[in-house]
2 protein chains.
Amino acid sequence: MSLKGNAIIGQSGGPTSVINSSLAGVIDAAIKSDSIDNVYGMNYGIEGFMNEWLYDLTAQPKEILEGLRETPSSALGSSRLKLQDEHFPKIMEVLKKYDIRYFFLIGGNDTMDTVHRVEAYCKEVGYELKGIGIPKTVDNDLYGTDHTPGFASAARFNALSVMQGGQLARDMKKVDKFVVFQTIGRDAGWLAAAAACGKKKEDDAPHLIYCPERKFNAKEFVEDAKACIEKYGWVSVVVSEGICYEDGTPVSAAVTKDKFNNTEFGAMGGASVALNVHKILREATGERGEFQIIESLNMSAHDRATKSDLQEAFDCGVEAVRLAESGETGFMVTIERVSNSPYQAKVGKTPLSNVAVRAKSMPDDFINERGNFVTEKALEYLKPLVTDLPNYVELQPIFVKK
Amino acid sequence: MSLKGNAIIGQSGGPTSVINSSLAGVIDAAIKSDSIDNVYGMNYGIEGFMNEWLYDLTAQPKEILEGLRETPSSALGSSRLKLQDEHFPKIMEVLKKYDIRYFFLIGGNDTMDTVHRVEAYCKEVGYELKGIGIPKTVDNDLYGTDHTPGFASAARFNALSVMQGGQLARDMKKVDKFVVFQTIGRDAGWLAAAAACGKKKEDDAPHLIYCPERKFNAKEFVEDAKACIEKYGWVSVVVSEGICYEDGTPVSAAVTKDKFNNTEFGAMGGASVALNVHKILREATGERGEFQIIESLNMSAHDRATKSDLQEAFDCGVEAVRLAESGETGFMVTIERVSNSPYQAKVGKTPLSNVAVRAKSMPDDFINERGNFVTEKALEYLKPLVTDLPNYVELQPIFVKK
């Protein structure tokens, strides 16, 4: 006999374009489940859960539940509360009060840590609970899964932006000489690397990509950027918000200090990477250029999501319920890549202890030796995910004889 | 008998997502024209023209010409050269050398000034030339036309970004309290105003919009932003890069100084509007938030172009050739709005002297009295242009009883 009771689902951390697809998958499967009675949703994550802010998802109109698959961001409301030991008694109280036996959270490292600890705590105190994590993060920095739902869509946003910004920069090269595109990615360069997916030939954007996995050398950067300007007449540069100089100082740090003159991080600090890289290049070349700081726009641009990302996010939600129903607990649903051409993947699972807290960097051989671009190997991994990029044309160099 | 000879077409100023559609329209009509022999393209605008960098557009493969309609930015290459009187003899020399009798430029105010002056110069020296301008600018600041090709698509980019960023900010309001979106728009607030097109109800983004047509009062801004945070739990702010304080100081100026401590404009100066507005709000509230600086990304995002913008841009190109063929000269093609529901428009024309150099601001009654949002009248103008916005859902407030 399978465990009977109610289910709770929450979203945590930063949103993505497809995280509501995972939510829709969980709700869909949970409503159909014989083991699950009511399906509740945490309003504002574990913080809302402890406050008993619980959506009755079973009572939502059908068109709202269907619309979730077309809606970006975290419809339940998100939170960044870091779980503390003193929270457990309150959590247990709410679990019992609402007879919750199925516990699902969609999120990243910290969220997986939360599921892991809640599930372990329940085991310890003898409260039967099936806890399954559903991966989500545009940063793609979760262990145990080929990639995370949300990554491919944010990656496509970056690839599109850099392609389109490159078209513009190339056509305007008589006026401006460089364009710097900044992407989120504090610890890992996956999203910066993905900007190369639309590049077809050498002079296409981007020309230089800097990831947090390697130290940023301003002198080499200026040399390389100048070489591109010399060769192509312009240069397209992609920077991850987390890049640091060799002494560990964040590239974002030079300009932004708070009122106590401390280096500041967060939206403000991170945002100034492009500003500083732009400044370095402007001072070194005397040329004009621009910088683009999209911040979270690639986390919510549903119109640019990839079809497979949306489907996989949904499938992960469904699989979480299937695992829990069949008695599994303490796992995160994963995506396993089956083949690259045609791209095929299937859902799997990994113990939460494999995933929680740690961030997965790009493999060393995904970045070239100079640390200023990605390798073919990186593109082999990335391109099957970042699909449906446009084919722009260029006029052929057929000129009238003078 | 109509004038026989070759045609030249050029693109000038900043690109748009649809300017190549106008180019395609001109080429298509010019190739079919009995009056026009060869169709040449200026590589890098009037600057390239004087250097005799001329594409032979008639010789381009058909698939390249068709692909132009799907390709953003200025395929011919653009320039910002400001026409000087001393340029005329060289221009005349090239016109004669290549037997050019049809002269088309796609661009904004300055470009219309160029067509106007070249056309007038030719008349003066007795060289028969038909000169027609084709409007283009994401800024929508050209006189004589209901709107400019390129505007609606850039406006849709802004509306989408602010909708999507708003979804995210609302769902994350327990963590961050504000989001500041900066759009290009030095002299006119059309693109900032357009960010409101996706707003359906009071608490939807954006809550506050600041346009260059009104002075920016930091004290009132803080009051209004705090009131939104109080009411909705968060606030979405849209700023035009060109907004100035009451004493005329650009809002971008406070932070950015060049190495001689001069206030700096251009990509760097303009870009810091959002940064400064973010700083004002952060200091006034003590809360976290983020800012987004997309710069030219909305000028080249072809995947977000509106269908009618693409079609109108093409139609303007075709109409330019039709006018010139039928003996007209000294005009800019215009778009005349016929009706709003269903939206219908037709091409028209206006003398270049009506358009050249001056920038068209938004009408005073498009902005509310407080200067912090647009009016219904603005939205009546904008919404028929900024089409095909998504319908995102929100969970209904059906909560489980505590």
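Residues numbered from 1 in each chain as written. Chains lettered and ligands numbered in written order. Predicted model: local features only at pLDDT ≥ 70, side-chain atom pairs only at ≥ 80, totals over all residues. Heavy atoms only, no water.

The name recorded for chain A in an unreviewed UniProt entry is Pyrophosphate--fructose 6-phosphate 1-phosphotransferase, from Thiospirochaeta perfilievii. Quoted verbatim from the Pathway (unreviewed entry) field of the UniProt record, the comment on chain A reads "Carbohydrate degradation; glycolysis; D-glyceraldehyde 3-phosphate and glycerone phosphate from D-glucose: step 3/4." (UniProt positions renumbered as here; feature names shortened; annotations may be inferred.)

J.: Quick question: what am I supposed to make of the environment of Glu369 of chain A here?
T.: Residue and element names in this part refer to chain A. Along the chain, Glu369 falls in the loop between strand 11 (343–351) and helix 11 (376–382). When its relative accessible area of 82% is taken as the criterion, Glu369 is described as exposed. Linking Glu369 and Val338, residues 31 residues apart in sequence, is a C-alpha distance of 29 Å. (Helix = DSSP H or I, 4+ residues; strand = E, 2+ residues; numbered from the N terminus. Buried < 20%, exposed > 50% of the residue type's maximum accessible area, 1.4 Å probe, protein only.)

J.: How should I be thinking about the UniProt feature "binding site: Mg(2+)" (unreviewed entry) in chain A in this particular structure?
T.: Taken from the UniProt record, the annotation "binding site: Mg(2+)" (unreviewed entry) applies to Asn109 of chain A. The residue Asn109 of chain A is located in helix 5 (residues 109–125) in this model.

J.: Would you explain the domain arrangement of chain A in this entry?
T.: All names here are of chain A. By the assigned domains, chain A splits into domain 1 (5–149 + 305–354) and domain 2 (153–299 + 362–382). On the side of domain 2, twelve residues touch domain 1, which itself brings 16 residues to the contact. Interface area lost by domain 1 to domain 2 is led by Val138, Asp139 and Asn140, which between them contribute 41%. Seen at the junction of domain 1 and domain 2, the total is eight residue pairs in polar contact (both at pLDDT 80 or more). Tallied by class, residues from the side of domain 1 that touches domain 2 come to four nonpolar, seven polar and five charged. (Domains from an automatic or database assignment. Contact = heavy atoms within 4.5 Å. Buried area = accessible area lost by both parts, 1.4 Å probe. Polar contact = N/O pair within 3.5 Å; in protein donor to acceptor, adjacent residues only side chain to side chain. Nonpolar A, V, L, I, M, F, W, Y, C, P; charged D, E, K, R; others polar.)

J.: Any chance you could explain the relation of the copies chain B and chain A here in plain terms?
T.: Look at the two chain copies: a rotation about an axis and a shift along it is all it takes to match them. Once turned by 180° and shifted 0.0 Å along the axis, chain B lies on chain A with an RMSD of 0.0 Å. Taken together, the rotation and translation describe the operation of a two-fold axis. Measuring from the rotation axis to each C-alpha of chain B, the shortest distance belongs to Ile293 of chain B, at 2.4 Å. Of the interface residues in chain B, 100% have counterparts in chain A that sit at the interface too, so the contact is made through matching surfaces. (Least-squares fit on C-alpha atoms with pLDDT ≥ 70 in both.)

J.: Which parts of the structure should I look at to understand the sheet that holds strand 4 (residues 100–107) of chain B?
T.: Each strand in a sheet pairs with its neighbour through backbone hydrogen bonds, running either in the same direction (parallel) or in the opposite one (antiparallel). Residues and elements named next belong to chain B. Strand order across the open sheet formed by seven strands is 3-2-1-4-5-10-11, with mixed pairing between neighbours. One side of each edge strand has no neighbouring strand; the edge strands of this open sheet are strand 3 (54–56) and strand 11 (343–351). Shown here is a sheet whose adjacent strand axes are inclined to one another by a mean of 30°, direction ignored. With three bridges connecting them, strand 2 (residues 36–42) and strand 3 associate as antiparallel partners. Note on strand 3: the bridge partner recorded for Met42 is Leu54. (Pairing = 2+ DSSP bridges. Axes fitted to C-alpha atoms, helices over the stretch in contact; angles between N-to-C directions.)

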